[in-house]
There are 2 protein chains.
Amino acid sequence: MDQHTIGLADAMADAARAMDEGLDQLLPRPEGGEARLFEAMRYSTIGGGKRLRGFLVLEGSRQFNVSHESALRVACAIEMVHAYSLIHDDLPAMDDDDLRRGKPTSHKAFDEATAILAGDALQTQAFHVLAGEETHPDPAVRIELVRLLARAAGARGMVAGQALDMAAEQAAQPLDESQIGRLQLLKTGKLIEFSAEAGAVLGKAPGSLRMALGAYGRELGAAFQIADDLLDATATAEQAGKATGKDAGAGKATLVSLLGLERARIQAERLVEQARRHLDLFDERADLLRKLATYVIERRN
Amino acid sequence: MDQHTIGLADAMADAARAMDEGLDQLLPRPEGGEARLFEAMRYSTIGGGKRLRGFLVLEGSRQFNVSHESALRVACAIEMVHAYSLIHDDLPAMDDDDLRRGKPTSHKAFDEATAILAGDALQTQAFHVLAGEETHPDPAVRIELVRLLARAAGARGMVAGQALDMAAEQAAQPLDESQIGRLQLLKTGKLIEFSAEAGAVLGKAPGSLRMALGAYGRELGAAFQIADDLLDATATAEQAGKATGKDAGAGKATLVSLLGLERARIQAERLVEQARRHLDLFDERADLLRKLATYVIERRN
């Protein structure tokens, strides 16, 4: 770990622990006939993953002195949406993955029906958490979060990205660079953008600062996606904690397959530079966000 | 059709037409690489079904002079959630149904991946619609609708009911009467209760009236479920517009299999009486809601 990321790893680990506690509180405890559903919801959310999205919510919130409880609830809601999307993407009818975050995917650990329902209920629970009074005393703030999350996650956002991804596998010719860019903006970028922006919404920040954080999130998300594709192309499954080499196997066009490793790396670095520049309006409280931008392209899993 | 239901059929048909127009506006038009996803979202929502839940929203809203646009948006949101649940329930890993509302189920008309994603995006879109300013000028009203819908549809509501239903099929012994009652309250009752209550939320009605409408919805939902099970036991697939006789085939315990046709009918009638009694606080504007209670147990599809 180089000097850019000193302190970041500890902060991310602390944040992940806080999110685990938050998720434990916000998700139903396994009991009764629904125990299996509740277990599956917890299995895919608590105790795994980098928590990049939730971390963005927490660090964005810190710029505006948002209360820890508010920020943590929104961070947990985002992680629920992210987990739901992974559960459904891993299903046999979709990417058909057996391994996720170093353990069996939901439909392998439970069964397909339970995995579908756990994903469904995690999405609902995210909106339920945002709607709760504890998230923010002002209902206008809560409903704005609901509106933005629904836009980022739905048919004009994350789900559209996954649909494009499925369609690309069937298509006669591979996607070009701009089509791949759009796919990835929808599939992962929109949710990361929302995560970066959410703190500004919670803190009722001026529009210019909210937009800057959103733009930071967009560039960060694009860099993150290239890094993910680079990992898929170069890491072993053990290192990545999930199946790798799948993109090439599935004939999936990524920026890495299109540009080659070296040019893809350069593009990711350029995106990170741009992401950091959007933070120029912020003081040293944004240093972890600055380090995070570097981290996303240097990470090894 | 007897005297109780005169006028109701026309009103329901008018409401269904209005919802079709609303859904056409509120759902994305098929274009671009996501066209298939958008088509699937529209296929399962526009132009089909009784629209019981949306009708309840519209008629509940009428008691409190809620604007047509507000009521229609909430009605459409509910129908999106209902449609999403049907798409996912019909999947091969769940109930594995080929026929729904007289046409092929979503995964038959499209494919499994598209059906999963269309369901996912319909749920998100419902929350997006509720969060929109056009739904109600007061953000406190909009966020209350989000909170109530999320509670009714999620891990403590509809999805829990479906999980119980799946678990019951695997169980060594059939459910008893109280377990079936709880399953059905969760699986269909909660969403119908919300639908009946939503107009009171939009109209900022006194708590007593809101509770009365909710209670009406709960009883109506229970009666509706028994009627559905009676149809499954007695109607042909052509009459019902979906596969019938499935409950017995799957060894599913319902109140009909437990009590027998005659006692189940009597119980449904008692529930309808109770539902109507909760409307005693309302004037003649609630007559269609009164007629609806009778209709749900007399319908033939």
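Cut-offs applied
Residues numbered from 1 in each chain as written. Chains lettered and ligands numbered in written order. Predicted model: local features only at pLDDT ≥ 70, side-chain atom pairs only at ≥ 80, totals over all residues. Heavy atoms only, no water. Helix = DSSP H or I, 4+ residues; strand = E, 2+ residues; numbered from the N terminus. Rg over C-alpha atoms; globule rule 2.2 N^0.38 Å. Buried < 20%, exposed > 50% of the residue type's maximum accessible area, 1.4 Å probe, protein only. Contact = heavy atoms within 4.5 Å. Areas by Shrake-Rupley, 256 points an atom, 1.4 Å probe, with all protein chains shown as cover. Buried area = accessible area lost by both parts, 1.4 Å probe. Salt bridge = Lys/Arg side-chain N within 4 Å of Asp/Glu carboxyl O. Polar contact = N/O pair within 3.5 Å; in protein donor to acceptor, adjacent residues only side chain to side chain. Nonpolar A, V, L, I, M, F, W, Y, C, P; charged D, E, K, R; others polar. Least-squares fit on C-alpha atoms with pLDDT ≥ 70 in both. Expected span 1.5 Å × (residues − 1). Lys, Arg positive; Asp, Glu negative; His and termini not counted. Axes fitted to C-alpha atoms, helices over the stretch in contact; angles between N-to-C directions. Parallel < 35°, antiparallel > 145°, perpendicular 65-115°, else oblique. Left-handed = near helix turned anticlockwise from the far one by under 90°. Phe/Tyr/Trp six-rings, centres within 6.5 Å; stacked < 30°, edge-to-face > 60°. Lys NZ or Arg CZ within 6 Å of the ring centre and 35° of its normal.

Draft legend 1. Region of the structure containing the overall build of chain A. Within chain A, the secondary structure is distributed over 15 helices and two strands. Whereas a compact globule of 301 residues would reach a radius of gyration of roughly 19 Å, chain A reaches 18 Å, a difference of no more than 12%. Referenced to the eigenvectors of the C-alpha coordinate spread, the extents of chain A come out at roughly 50 × 50 × 35 Å. Burial statistics for chain A: of 301 residues in total, 59% are counted as buried. Long-range pairs, those at least 24 residues apart, make up 73% of the contacts in chain A with a sequence separation of at least 6. Per element, the accessible surface of chain A, about 12,000 Å² overall, is 49% carbon and sulfur.

Draft legend 2. Geometry of the interface of chain A and chain B. Listed as interface residues are 44 residues of chain A and, on the opposing side, 44 residues of chain B. Between chain A and chain B lies a buried interface of about 3,700 Å² when both sides are counted; carbon and sulfur atoms form 73% of it. A per-residue breakdown of the area chain A buries against chain B is headed by Leu117, Thr124 and Ile143 of chain A, which together make up 15% of the total. At the junction of chain A with chain B, the criterion picks out two salt bridges. The tally of links between chain A and chain B comes to eight residue pairs in polar contact (both at pLDDT 80 or more). Among the elements of the structure, helix 2 (35-43), helix 4 (68-89), helix 6 (112-131), helix 7 (139-153), helix 8 (158-170) and helix 9 (177-202) of chain A are those that each provide at least two residues to the side of chain A that touches chain B. The greatest single-element share of the side of chain A that touches chain B, amounting to eleven residues, is contributed by helix 6 of chain A. Looking at side-chain class alone, the side of chain A that touches chain B contains 28 nonpolar, seven polar and nine charged residues.

Draft legend 3. Seen up close, unusual backbone geometry. Unusually for a residue other than glycine, arginine 51 of chain A sits at a positive phi of about 60 degrees. When you line up the elements, arginine 51 of chain A lands in the loop between helix 2 and helix 3 (52-62). By relative accessible area, arginine 51 of chain A is classed as buried at 3%. The residue arginine 101 of chain B is not glycine, and still its phi comes out positive at about 55 degrees. Along the polypeptide, arginine 101 of chain B turns up in the loop between strand 1 (99-100) and strand 2 (103-104). Given a relative accessible area of 28%, arginine 101 of chain B falls into the partly exposed group.

Draft legend 4. Representation of the pattern of salt bridges in the model. All names here are of chain A. Summed over all chains, the structure comprises 36 salt bridges over all chains. A salt bridge links arginine 36 to aspartate 111, with the shortest nitrogen-to-oxygen separation between them at 2.8 Å. Of this pair, arginine 36 sits in helix 2 while aspartate 111 sits in the loop between helix 5 (106-109) and helix 6, placing them 75 residues apart in sequence. Here the salt bridges share partners, and the residues they tie into one network are Glu144, Arg147, Glu197 and Arg210.

Draft legend 5. Inspection of the relation of the copies chain A and chain B at higher detail. Once chain A is rotated about the relating axis by 180 degrees and shifted along it by 0.0 Å, it coincides with chain B to within an RMSD of 0.0 Å. Within this description, the copies of the chain are treated as partners about a two-fold rotation axis. When the interface residues of chain A are mapped onto chain B, 100% of them again fall at the interface, so both copies present the same face.

Draft legend 6. Just helix 14 (residues 261-277) of chain B, in detail. For helix 14 of chain B, which comprises 17 residues, the first-to-last C-alpha distance of 25 Å matches the rise-based estimate of 24 Å (1.5 Å per residue) to within 8%. The secondary structure elements touched by the buried residues of helix 14 of chain B are helix 9 (177-202), helix 10 (207-234), helix 13 (255-259) and helix 15 (287-298) of chain B.

Draft legend 7. Structural context of the side chain of glutamate 219 of chain B. Residue and element names in this part refer to chain B. If you trace the backbone, glutamate 219 turns up in helix 10. It turns out glutamate 219 is buried and unbridged, and the closest side chain with the opposite charge, arginine 218, is 6.0 Å from it. For glutamate 219, the residues in contact, after removing those within four places along its chain, are Leu271, Gln274, Ala275 and His278.

Draft legend 8. Local environment of the packing of helix 10 (residues 207-234) of chain A against helix 15 (residues 287-298) of chain A. Residues and elements named next belong to chain A. Contact geometry of helix 10 with helix 15 gives a least axis separation of 8 Å together with a crossing angle of 20 degrees. With respect to their mutual orientation, helix 10 and helix 15 come out roughly parallel. Along the contact surface, helix 10 presents Leu213, Tyr216, Leu220, Ala223, Phe224 and Ala227, while helix 15 presents Leu289, Leu292, Ala293, Val296 and Ile297. Its residues assigned to classes, the contact of helix 10 with helix 15 shows eleven nonpolar, no polar and no charged.

Draft legend 9. Structural view of the side chain of serine 70 of chain A. Among the secondary structure elements, serine 70 of chain A is positioned in helix 4. Residues contacting serine 70 of chain A, with those up to four places away along its chain left out, are Glu134, Thr135, His136 and Leu202 of chain A.

Draft legend 10. Local environment of the packing of helix 4 of chain A against helix 6 of chain A. Residue and element names in this part refer to chain A. Helix 6 packs onto helix 4 with a crossing angle of 160 degrees between their chain directions and a minimal axis gap of 8 Å. For the element pair helix 4 / helix 6, the angle class is roughly antiparallel. Considering the relative orientation of helix 4 and helix 6, their crossing is left-handed. Judged by residue contacts, Arg73, Val74, Ala77, Met80, Val81, Ala83, Tyr84, Ile87 and His88 of helix 4 engage Ala115, Ile116, Ala118, Gly119, Asp120, Leu122, Gln123, Gln125, Ala126, Val129 and Leu130 from helix 6.

Draft legend 11. A look at the packing of aromatic side chains. Under the criterion given, the structure shown has five aromatic pairs over all chains. Ring centres 6.2 Å apart and planes at 75 degrees place the aromatic pair phenylalanine 64 of chain B and phenylalanine 282 of chain B in the edge-to-face group. Note that phenylalanine 64 of chain B is positioned in the loop between helix 3 (52-62) and helix 4 (68-89) and phenylalanine 282 of chain B in the loop between helix 14 and helix 15, a separation of 218 residues in sequence. In terms of burial, phenylalanine 64 of chain B and phenylalanine 282 of chain B fall into one category: buried. Its end group placed over the ring of tyrosine 43 of chain A, lysine 103 of chain A keeps NZ or CZ at 4.0 Å from the ring centre.

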